Amino acid sequence: GNYRLHRNNNNNNNPNNNNTTNAVSTISIDFSPNGRTLASTHGDHTVKITCAHTGKLLRQLEGHPRTPWTVKYHPTNYRIVASGCLGCQVRVWDWNFQTEKVRKERREGVERKWGGRYQFVSGGASSSGG
C-alpha cells in the first residue's frame, strides 16, 4: 500500500500527553503486514509499537540490555515482532498479549453489557429428531 508521512503537531513537551514518547533516537522501523501498526527500535533500549494511522503509542516493549538495532514483523501475524540488540539477544514479542486479568475484565464487561437481555448457552447446536 501507499503510506503518507506527515508532521506530528502534538505537543511532545507536554508531560500530560500520554500518547507521546521521548525516545533517545530511532534506529529501525518496520510496518506490519496489515499496514495498521509500525514497530520501531530506540536508543533507550525499547521497541515501540505505534498506530500507523494516528501515531498513538500502543505498546512499549522493554527488556533488551542494549540498543536494539533491528525489528521485523512476522510475515503473516501482525502481533508477532522480532528484535535484535547489540547485547547479542534476539527477542520475539507478542505485543498484543493480554494477561488473564485483562481477558477476565473484558469478559465481565461483555456479560454486564449483554447480561439479562439474552440467554447465553455453551455447547454446540442441537438437532431435533429427524
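Worth saying up front: this structure is predicted, and the values here are computed from it rather than measured. Starting afresh in each chain, residues are numbered from 1 along the sequence in its written order. Two thresholds apply to this predicted model, a pLDDT of at least 70 for residue-level local features and 80 or more for giving and counting side-chain atom pairs, whereas whole-chain, interface and lining totals are computed over all residues. Excluding hydrogens and water, the side-chain figures rest on all heavy atoms present in the structure.

Draft legend 1. Spatial organisation of the pairing of strand β3 (residues 46–51). Per-residue accessibility, obtained with a 1.4 Å probe over protein chains only, is compared with the maximum for each type, and a residue is labelled buried under 20%, exposed over 50%, and partly exposed between these values. Strands here mean DSSP runs of E at least two residues long; helices mean DSSP runs of H or I at least four residues long; both are numbered from the N terminus. Counting buried residues along β3, six of its six residues qualify, which places the element largely inside the surrounding structure. On β3, burial covers both faces: Thr46, Lys48 and Thr50 on one face and Val47, Ile49 and Cys51 on the other are all buried. DSSP calls a pair of strands paired once it identifies at least 2 bridges connecting them. Bridge count between strand β2 (residues 37–42) and β3: five bridges; the pairing is antiparallel. Across the sheet, Thr41 pairs through a bridge with Val47, a residue of β3. A loop of three residues connects β2 with β3, the two strands running antiparallel in sequence, and His45 in this loop sits at a positive phi of about 70°.

Draft legend 2. How the structure looks around unusual backbone geometry. Although it is not a glycine, His45 adopts a positive phi angle of roughly 70°. By secondary structure assignment, the location of His45 is in the loop between β2 and β3. For Cys88, which is not glycine, the phi dihedral falls at a positive 60°. Within the secondary structure, Cys88 is located in the loop between β6 (80–85) and β7 (90–94). Among the residues examined, Cys88 registers a relative accessible area of 78% and is labelled exposed.

Draft legend 3. Examining the sheet that holds β2 more closely. Read from one edge to the other, the open sheet built from four strands follows the order β1-β2-β3-β4, with strand pairing classed as antiparallel. Either end of the sheet is taken by a strand with one partner, and the two such strands are β1 (26–31) and β4 (57–62). Geometrically, the sheet is characterised by an average inter-axis angle of 20° between neighbouring strands, direction not taken into account. Where β1 meets β2, five bridges bridge the pair, whose relative direction is antiparallel. Looking at the pairing, Asp30 lines up with Ala39 of β2. The axes used here are C-alpha line fits, helices contributing only the stretch in contact, and every angle between their N-to-C directions lies in the interval 0 to 180 degrees.

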